[in-house]
Structures are given as C-alpha cells and as structure tokens.
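Observations on the model geometry
Here's the letter readout for the chains.
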Amino acid sequence: MSSTNYRRKQQRICLRLAKIEKYIKIELKVRKMAAMEFDDNEPVFTIGVAARKLNIAVPTMRMYEKAGLIIPFRNESGRRIYSFADLKRISYIRRLIKSEGLNLAGIRRLMALLPCWELKPCSTELREKCPAYRDCKTICWMFPATACKVDERSCRTCSVYLDSCDTTDNLKQILKKTKY
Ligand code: SF4
C-alpha cells in the first residue's frame, strides 16, 4: 500500500472514531437526563404562564384559589408560583366543571367529604378535637386551624391535599375501606 493510501485509510478510521465518540457522548447525556428526577411539585410557573398553559384567564385561577380549591406556592415577595401538580389539579377542577356540571361550591362540598383523619391518619384523641372531623361542609385545609395544620400554607405539601383529586374520584372505595 502506498503511503498516500495508508494516510487516507488512517484519516477515515480517525473520522469514524470521532463519530463514535460523539455518539457515545450524546447517548450518555440522554441517559443522564432520563435518570434525572423531576419533581412535579416544584413551583416553576408564574400565574400568567400557568394560565396560558391551561388556556384560562388569570382571574379564573384566582377564583379557584379563593374558593379554596388550590393553594399556590408563594415566593418571598408573595408572588404565586405554580407547579406541574398544580396545573394538573386545575385541569381536574376544569373537568369537574365542564364535563360533570359541578360548580365551585359543589366541588368544595365534594372535597369536604374526604376523611382526612383516615388518610393521614390521625389518632382517635386528635380527631376528636379536630373541626375537620366534625364538619362535613368545609374542606379540611380551609379551616384556620386543625389538629394537623402547621400554618396557613403548610397544607400545600400535605398528602391529603396533594392526592385529593384522585381520592375525590375514588371516594366510595376509600369510604368502603374505613369503618364509617
Ligand atoms: S395538614 Fe391540612 S390538608 Fe392535611 S389533613 Fe391537616 S388540615 Fe387537611
């Protein structure tokens, strides 16, 4: 083999190796991104962006909050920030309104039926003192104080609040499992 041919062959091999190296790097990057944990509850969207994504008006978002159906995160300056989970929650509320004909008061009454003392669960002693255990018209996180509420916004991270869309949809199944 002439020296020119030999050099060309070497160049081709080098090019192929560079392509393989590039491919491996991309593949590793994709795998790393796929392995990264994504937190659905992380507040990331301002109210304007969240409203745009949901294709609804900002005042509607505020109305759901006023009705007690959503507790947005507030940053240090008091701005509302929404997570993916919040967006899913608002879509669920929209579905109940649009497809099932409920109004905000109806959704509130439905969520007020969630047996939070069973879902948490709370001790017999605690539940006896808790207004959410006695009242069936108010959602537990709307009481100014309950046996488990730490402060105004702490319910946002409570499993009873976070799972309330699923549990509301499966209320009968949940009640069947309890002794009530
Ligand atoms: S912490 Fe809040 S949302 Fe959770 S059960 Fe208590 S009142 Fe309800």
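Residues numbered from 1 in each chain as written. Predicted model: local features only at pLDDT ≥ 70, side-chain atom pairs only at ≥ 80, totals over all residues.

**With respect to the overall build of the protein**
Helix and strand counts for the protein stand at 11 helices and 3 strands. Shown N-terminal to C-terminal, the secondary structure of the protein runs as helices and strands in the order α-β-α-α-β-β-α-α-α-α-α-α-α-α. By the compact-globule yardstick of 16 Å for 180 residues, the protein is too spread out, its C-alpha radius of gyration being 26 Å. If you line up the protein on its principal axes, its C-alpha atoms span 95 × 40 × 35 Å. Going through the 180 residues of the protein one by one, you find that 17% of them count as buried. Pairs at least 24 residues apart make up 60% of the contacts formed inside the protein by residues separated by at least 6 positions. (Helix = DSSP H or I, 4+ residues; strand = E, 2+ residues; numbered from the N terminus. Rg over C-alpha atoms; globule rule 2.2 N^0.38 Å. Buried ≥ 20, exposed ≤ 12 C-beta atoms within 10 Å, placed from the backbone. Contact = placed C-beta atoms within 7 Å.)

**Considerations on the site of the ligand**
With respect to spatial proximity, the complete set of residues near the ligand consists of C116, K120, A132, C140, W141, T146, C148, K149, C155, C158, V160 and Y161. Of the residues in the shell around the ligand, the class split is 9 nonpolar, 1 polar and 2 charged. (Near = placed C-beta within 6 Å. Nonpolar A, V, L, I, M, F, W, Y, C, P; charged D, E, K, R; others polar.)

**Quick word on the environment of L102**
Structurally, the position occupied by L102 is in the loop between α4 (84–98) and α5 (104–112). Taking the C-alpha atoms as reference, L102 lies 21 Å from V160; in sequence the two are 58 residues apart.

**Section: the domain arrangement of the protein**
Looking at the assigned domains, one finds that the protein contains domain 1 (1–36), domain 2 (39–101) and domain 3 (112–180). Distance between the C-alpha centres of domain 1 and domain 3: 59 Å. (Domains from an automatic or database assignment.)

**Points about the sheet that holds strand β1 (residues 45–46)**
Taken in spatial order, the 3 strands line up as β1-β3-β2 in an open sheet, and their pairing is antiparallel. In this open sheet, the two edge strands, each paired with only one partner strand, are β1 and β2 (73–74). Bridge count for β2 against strand β3 (residues 80–82) is 2 bridges, and the pairing is antiparallel. Pairing of F73 across the sheet is with I81, part of β3. (Pairing = 2+ DSSP bridges.)

**Regarding the nonpolar core**
Of all hydrophobic cores here, the largest spans 20 residues; its most connected members are C116, C140, W141, V160 and Y161. Sorting the residues of this core by element identifies α3 (58–66), α5, α6 (116–119) and α9 (159–162) as the ones contributing at least two each. Per-domain counts for this core show at least three residues from each of domain 2 (39–101) and domain 3 (112–180). (Core = buried A, V, L, I, M, F, W, Y, C linked by C-beta atoms within 7 Å.)

**Focus: unusual backbone geometry**
Cis geometry marks the peptide bond from K120 to P121, where omega comes out at -10°. Turning to its location among the elements, P121 is positioned in the loop between α6 and α7 (124–129). Even without glycine at this site, N55 takes up a positive phi of about 60°. Positionally, N55 belongs in the loop between α2 (47–54) and α3.

**Concerning the packing of α2 against α4**
Relative orientation of the contacting elements α2 and α4 amounts to 50°, with a least axis distance of 11 Å. Comparing their axes, α4 and α2 come out oblique. Like other packed secondary-structure pairs, α2 and α4 cross with a definite hand, here right-handed. Of the residues in α4, those touching α2 at A50, K53 and L54 are D86, L87, I90 and S91. Of the residues in the contact of α2 with α4, the class split is 4 nonpolar, 1 polar and 2 charged. (Axes fitted to C-alpha atoms, helices over the stretch in contact; angles between N-to-C directions. Parallel < 35°, antiparallel > 145°, perpendicular 65-115°, else oblique. Left-handed = near helix turned anticlockwise from the far one by under 90°.)

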